[in-house]
Amino acid sequence: MEESHEASFFVSNCTQRMSTFPSYLTQEQIDHFHRNGFIVIPEFWDAATVQGLRASIEREIDEFDPASSKTIFSTAEQDRHRRSNEYFLNSGGKIRFFWEEKAWKDGELTMEPKVAINKIGHNLHDLNKEFREVSYDVRIGRICRELGMSVPKSVQSMFIFKQALVGGEVCPHQDGSFLYTEPQTCIGFWWALDQCRKDNGCLWVKPGSHKLGVQRRFRRKGGVDDGTEFRKVADNSVTSGSEEWDISGSVPVEIPSGSLVVLHDAVVHYSEGNTSPLPRWAYSIHVVDGKEGVVYPKDNWLQREETEGDFGVIPAV
Ligand SMILES: O=C(O)CCC(=O)C(=O)O
């Protein structure tokens, strides 16, 4: 079962289709996306591009001053909760560092920043030159258009470090829960920056699960100090705890560095912890439709502050 899905990920993208902008996906890839909720495109980036991004993130880490995160890890529990809420909820227009919890002790970073970071987010795509270049690539705009989007707006980016041996799991979820629009429009782009295998925490995707639709949404309860909650999309009731997904039939996406995975807003996906001695770095962006009639709610967790400008539109030509 797994083999047949894996084989069908790797559909070629050499067939050209008629459209008002140069096409990128084949009809076969588009059909695969609608049927399964995702597509894998091998070799989307060449080795030099991957290397450039890796070098760029290393510069971000070198320039990072751990003292700027210190307050979050050094204050009393209640204040720490408030500060970490603020740090997270105000990160939509900034480059902020999120750490493996166990990397801090008594307000001090106990290991090298490079091996202690969980992720960097959520606006590398506008604020970092190298990430801006790849995030506004016309091929992404074309893919979005070919999958039905009119005005692709890049709302968030993340550099995800699944560190060797310590990188934790990412629980099964749907991206539309976090980048919610009415109607749903989010498309996730996830690039491997290392060879991804089961033992270093590759993505797993449940083909066809997008047909269930997005089940719950993550929202701000009020201001940044009020925190966040999940609500069921069906009846808007508050729901706590993690989602219980039947992940049977999920497939591992074992792909080389430079490959792209395109994810439907409702497809269930996750990754396991990294038990290998090799890291599994990845970069992702999430794009929503900015066309008239699509609402990006003001209580979505991710917002730009007034001075940070609006989400950028990704060109298709
Ligand atoms: O990189 C990973 O392991 C999972 C990331 C993911 O699923 C997400 O950011 O939506």
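Let me begin by describing the structure that accompanies this report. Keep in mind it's a predicted model, so treat the numbers as computed, not measured. (Residues numbered from 1 in each chain as written. Predicted model: local features only at pLDDT ≥ 70, side-chain atom pairs only at ≥ 80, totals over all residues.)

Overview of the overall build of the protein
Across its full length, the protein carries 9 helices and 17 strands. For 317 residues, the compact-globule formula gives about 20 Å, and the C-alpha radius of gyration of the protein, at 19 Å, lands near that figure. Expressed as a percentage of contacts within the protein between residues at least 6 apart in sequence, the contacts between residues at least 24 apart total 80%. (Helix = DSSP H or I, 4+ residues; strand = E, 2+ residues; numbered from the N terminus. Rg over C-alpha atoms; globule rule 2.2 N^0.38 Å. Contact = placed C-beta atoms within 7 Å.)

Regarding the nonpolar core
Core analysis: the largest hydrophobic core is formed by 63 residues, its most contacted members being Phe-189, Trp-191, Val-253, Val-261 and Val-262. Once residues lying within four places of it in the same chain are set aside, the contact partners of Phe-189 are Ile-140, Leu-260, Val-262, Ser-284, Ile-285 and Val-287. (Core = buried A, V, L, I, M, F, W, Y, C linked by C-beta atoms within 7 Å. Buried ≥ 20, exposed ≤ 12 C-beta atoms within 10 Å, placed from the backbone.)

Thoughts on the sheet that holds strand E15 (residues 269-271)
Pairing in this open sheet of 4 strands is antiparallel, and the strands run E7-E15-E9-E13 from one edge to the other. Whereas interior strands pair on both sides, the edge strands pair on one side only; in this sheet they are strand E7 (170-173) and strand E13 (251-253). Between one strand axis and the next, the sheet turns by 25° as a mean value, whatever way the strands run. Sheet topology places E7 next to E15; 2 bridges connect them, and they run antiparallel. By the bridge assignment for E15, Val-170 is matched with Ser-271. (Pairing = 2+ DSSP bridges. Axes fitted to C-alpha atoms, helices over the stretch in contact; angles between N-to-C directions.)

Section: unusual backbone geometry
It is generally the case that most residues other than glycine have a negative phi and that most peptide bonds are trans. The omega torsion across Gly-121 and His-122 is 0°, close enough to zero to call that bond cis. At the junction of Glu-182 and Pro-183, the peptide bond is cis and its omega measures out at -5° in the coordinates. In this structure, Pro-183 sits in the loop between E7 and strand E8 (187-192). Phi is positive for Glu-43, which is not a glycine, with a value near 55°. Tracing the sequence through the fold places Glu-43 in the loop between strand E1 (38-41) and helix H3 (47-63). By the C-beta count within 10 Å, which is 13 here, Glu-43 ends up partly exposed. Positive phi is not limited to glycine here, since Leu-165 has a value of about 65°.

Section: helix H2 (residues 27-36)
Restricting attention to buried positions, one finds in H2 the residues Gln-29, His-32, Phe-33 and Asn-36. Buried positions in H2, seen along its axis, are confined to an arc of 100° and lie on one side of it. Just downstream of H2 lies Gly-37, where phi reads positive at about 90°. (Arc of directions from axis to C-beta.)

Structural notes on the site of the ligand
Neighbouring residues of the ligand: Met-158, Ile-160, Lys-162, Val-170, Asp-175, Gly-188, Gly-201, Leu-203, His-269, Ser-271, Ala-282 and Ser-284. Ranked by the residues each element gives to the shell around the ligand, the list is headed by strand E6 (residues 152-162), at 3 residues. Tallied by class, the residues present in the shell around the ligand amount to 5 nonpolar, 5 polar and 2 charged. (Near = placed C-beta within 6 Å. Nonpolar A, V, L, I, M, F, W, Y, C, P; charged D, E, K, R; others polar.)

Quick word on helix H9 (residues 138-146)
With 7 of 9 residues buried, H9 lies mostly within the body of the structure. Among the residues making up H9, those that are buried are Ile-140, Gly-141, Arg-142, Ile-143, Cys-144, Arg-145 and Glu-146. Gly-148 sits one or two residues past H9 and shows a positive phi near 110°.

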